[in-house]
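Secondary and tertiary structure notes
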Amino acid sequence: MRCPACENELVIRKVSGVKVEVCQNSCGGLWFHPSQIKKIKRLQPGTGYDFLFCEKVEGVKTYRDSEHPCPNCKTTLLYRHFFSKEDDLEVNQCSKCAGFWVDAGGLAKIILSKKKEKKELIKNYFSVIMNEKIPKMNLANQDIAEAAELIALIFKFLIPPK
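Residues numbered from 1 in each chain as written. Predicted model: local features only at pLDDT ≥ 70, side-chain atom pairs only at ≥ 80, totals over all residues. Heavy atoms only, no water.

So, on to the overall build of the protein chain. Within the protein chain, the secondary structure is distributed over 4 helices and 6 strands. In the protein chain, the succession of helices and strands from N to C terminus is β-β-β-α-β-β-β-α-α-α. Against the compact-globule benchmark of 15 Å for 162 residues, the protein chain has a radius of gyration of 15 Å, which places it among compact chains. Seen through its principal axes, the protein chain has C-alpha atoms that stretch 45 × 35 × 35 Å. For the protein chain, the proportion of its 162 residues judged to be buried stands at 49%. In the protein chain, of all internal contacts separated by at least 6 residues, the share reaching a separation of at least 24 is 56%. When the accessible surface of the protein chain is split by element, carbon and sulfur atoms take 49% of a total near 8900 Å². (Helix = DSSP H or I, 4+ residues; strand = E, 2+ residues; numbered from the N terminus. Rg over C-alpha atoms; globule rule 2.2 N^0.38 Å. Buried < 20%, exposed > 50% of the residue type's maximum accessible area, 1.4 Å probe, protein only. Contact = heavy atoms within 4.5 Å. Areas by Shrake-Rupley, 256 points an atom, 1.4 Å probe, with all protein chains shown as cover.)

Right, dumping it as structure tokens:
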């Protein structure tokens, strides 16, 4: 499969029995197939933290004005649930296969930084996602509300352990 953001070949990585397609040595995005999201439901928050540690290349353009094709279906365009250039964050979903594309580059940068206030930065990052981005989705629409639950689940899976 190819990365929908930078077209790099995705690499399968497995952590705690969950397989995720990772854009390694390029933008660092993550592809979650629906079957793998079901596995996440049974795991503790932070179990997928290691997925954030992959080789990234600075300067890879991941935000484009055009839509991204689904790496799984190839012909279906991903629906953007939310995006923030400021937080280096984008979450998309395929309407056909229901997989999720997550670019959590901002979180990876915080985790890899040597800043003393790292815990506070991580807390703020998750606060933006859980308290600002997800609630602004059209939760009155049942499909979007279900997607919001899955997005929250994915980010709880990725949250750094305390």
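From this point on, the discussion continues.
On to the pattern of salt bridges. Following the criterion strictly, the structure yields 2 salt bridges and no others. Ionic pairing is found between glutamate 9 and arginine 2, a salt bridge with its closest N-O pair at 3.3 Å. In this structure, the salt-bridge partner of glutamate 90 is arginine 80, at a minimum N-O distance of 3.0 Å. In this pair, glutamate 90 sits in strand 5 (residues 89–94) while arginine 80 sits in strand 4 (residues 78–84), placing the two residues 10 residues apart along the sequence. By relative accessible area, which is 33% here, arginine 80 ends up partly exposed. (Salt bridge = Lys/Arg side-chain N within 4 Å of Asp/Glu carboxyl O.)

For any two helices packed against each other, the geometry is given by the interaxial angle and the distance between the axes. Contact pair helix 2 (residues 105–112) / helix 3 (residues 118–133): the axes reach a minimum separation of 9 Å and the direction vectors enclose 165°. On the basis of their axis angle, the class for helix 2 and helix 3 is roughly antiparallel. Relative to helix 3, the crossing made by helix 2 is left-handed. Of helix 3, the residues touching helix 2 (which contributes Gly106, Leu107, Ile110 and Ile111) are Lys118, Leu121, Ile122, Tyr125 and Phe126. Class assignment of the residues belonging to the contact of helix 2 with helix 3 gives a composition of 7 nonpolar, 1 polar and 1 charged. (Axes fitted to C-alpha atoms, helices over the stretch in contact; angles between N-to-C directions. Parallel < 35°, antiparallel > 145°, perpendicular 65-115°, else oblique. Left-handed = near helix turned anticlockwise from the far one by under 90°. Nonpolar A, V, L, I, M, F, W, Y, C, P; charged D, E, K, R; others polar.)

Turning to the nonpolar core, a few remarks are in order. In this structure, Phe32, Phe100, Tyr125 and Phe155 are the most contacted members of the largest nonpolar core, which totals 36 residues. For this core, the elements supplying multiple residues, two or more each, are strand 2 (18–22), strand 3 (30–32), helix 1 (34–40), strand 5, strand 6 (100–103), helix 2, helix 3 and helix 4 (142–158). The element best represented in this core is helix 4, accounting for 9 residues. Listed in part, the 12 residues of the second largest apolar core include Ala5, Cys27, Trp31 and Trp101. (Core = buried A, V, L, I, M, F, W, Y, C linked by side-chain atoms within 4.5 Å.)

Let's shift gears to the sheet that holds strand 5. Taken in spatial order, the 6 strands of this open sheet run 1-2-3-6-5-4, and their pairing is antiparallel. The open sheet is flanked by strand 1 (11–15) and strand 4, the only strands paired with a single partner. Each strand axis lies, on average, 25° off the axis of its neighbour in the sheet, ignoring direction. Both strand 3 and strand 6 contribute to a ladder of 3 bridges, which runs antiparallel. By the bridge assignment, phenylalanine 32 is partnered in strand 6 with phenylalanine 100. Its contacts with the sheet place helix 3 against strand 4 and strand 5, and it is angled at close to 120° to strand 4. (Pairing = 2+ DSSP bridges.)

The residue isoleucine 144 is located in helix 4 in this model. Considering only alpha carbons, one finds isoleucine 144 and histidine 81, 63 residues apart in sequence, at a separation of 8.3 Å. Excluding anything up to four places from it in sequence, isoleucine 144 contacts Tyr79, His81, Met137, Asn138 and Leu139.

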